[in-house]
Amino acid sequence: MHEKADTSDTAAPRTTIGDLFEREPPRWGVRGDVHLWRELQSALEAIELPASRWAFQRVVEDAWRDATGVALNESATPLYVERLDPGHGMSAGQVSPAWWHATGMMILLDRYFAATGNSP
């Protein structure tokens, strides 16, 4: 007697940049980062994964700049984005370029490499 393999836990392959945002990081830089993460996920949900790491990083960085008005590498200090402010908390509406550069982008790149089979 053969048992069927349980495939209910098998995730569908990630095919868009937005798919890489599906699982949120356990920690954020400041309070606005979670809202920006979700906004970028939505903005990039239909963009297919590029063939190269550099093209991938450029698309994410361009989306970050479009969402914040500042290039990701332009500042290391948190910046305020009014639409990301839910109205509570000391750092509400602030996003951390330093967190995005050092942590958020590294998480996304790791997921990009896993999804594409490319190596760093």
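These figures come from a predicted structure and were not determined experimentally. (Residues numbered from 1 in each chain as written. Predicted model: local features only at pLDDT ≥ 70, side-chain atom pairs only at ≥ 80, totals over all residues. Heavy atoms only, no water.)

Trainee: Honestly, the pattern of salt bridges in this entry has me stumped. Any pointers?
Mentor: Two side chains of opposite charge can pair, provided their charged atoms sit close to one another. Summed over all chains, the structure comprises four salt bridges. Within the structure, one salt-bridge network assembled from shared partners comprises Asp62, Arg65 and Asp66. (Salt bridge = Lys/Arg side-chain N within 4 Å of Asp/Glu carboxyl O.)

Trainee: Could you clarify how one ought to interpret the side chain of Arg111 in this entry?
Mentor: Summarising the element assignment, Arg111 is placed in helix H3 (residues 97–116). As a buried residue without a salt bridge, Arg111 has its nearest oppositely charged side chain in Asp110, at a separation of 6.2 Å. Among the polar contacts made by the side chain of Arg111, one reaches the main-chain carbonyl oxygen of Arg23 at a distance of 2.7 Å. Discounting chain neighbours no more than four positions away, the residues touching Arg111 are Leu20, Phe21, Arg23 and Trp37. (Helix = DSSP H or I, 4+ residues; strand = E, 2+ residues; numbered from the N terminus. Buried < 20%, exposed > 50% of the residue type's maximum accessible area, 1.4 Å probe, protein only. Lys, Arg positive; Asp, Glu negative; His and termini not counted. Polar contact = N/O pair within 3.5 Å; in protein donor to acceptor, adjacent residues only side chain to side chain. Contact = heavy atoms within 4.5 Å.)

Trainee: How should I be thinking about helix H2 (residues 53–68) in this particular structure?
Mentor: Across its 16 residues, H2 extends 22 Å between first and last C-alpha, which sits within 8% of the 22 Å expected from 1.5 Å per residue. Packed against the buried residues of H2 are helix H1 (32–43), strand E1 (79–80), strand E2 (94–95) and H3. Of the residues flanking the end of H2, it is Gly69, one or two places downstream, whose phi is positive at about 85°. (Expected span 1.5 Å × (residues − 1).)

Trainee: Explanation requested: the environment of Ile17 in the structure shown.
Mentor: In this fold, Ile17 is placed in the segment before H1. C-alpha of Ile17 to C-alpha of Leu44: the two residues are 27 residues apart in sequence and 5.6 Å apart in space. With residues near it in sequence (within four places) discarded, Ile17 still touches Leu44, Ile47, Glu48, Leu49, Pro50, Phe56, Val59 and Val60.

Trainee: How should I be thinking about the nonpolar core in this particular structure?
Mentor: Most often, soluble globular proteins have nonpolar side chains that are buried together. Counting residues in each nonpolar core, the largest one holds 26 residues, and the members touching the most others are Phe21, Leu36, Leu40, Phe56, Trp64 and Trp100. Mapped by element, the contributors of at least two residues to this core are H1, H2 and H3. If you tally residues by element for this core, the top one is H3, at seven residues. (Core = buried A, V, L, I, M, F, W, Y, C linked by side-chain atoms within 4.5 Å.)

Trainee: What should I look at first to understand H3 in this one?
Mentor: The α-helix advances 3.6 residues per turn, and as a result positions three or four apart in sequence lie on the same side. Bending of H3 peaks at approximately 30° at the position of Gly104. Taken together, the buried positions of H3 are Pro97, Trp99, Trp100, Gly104, Met105, Leu108, Leu109, Arg111, Tyr112 and Phe113. On its buried face, H3 sits against H1, H2, E1 and E2. (Bend = angle between axes of the 7 residues up to and from the residue.)

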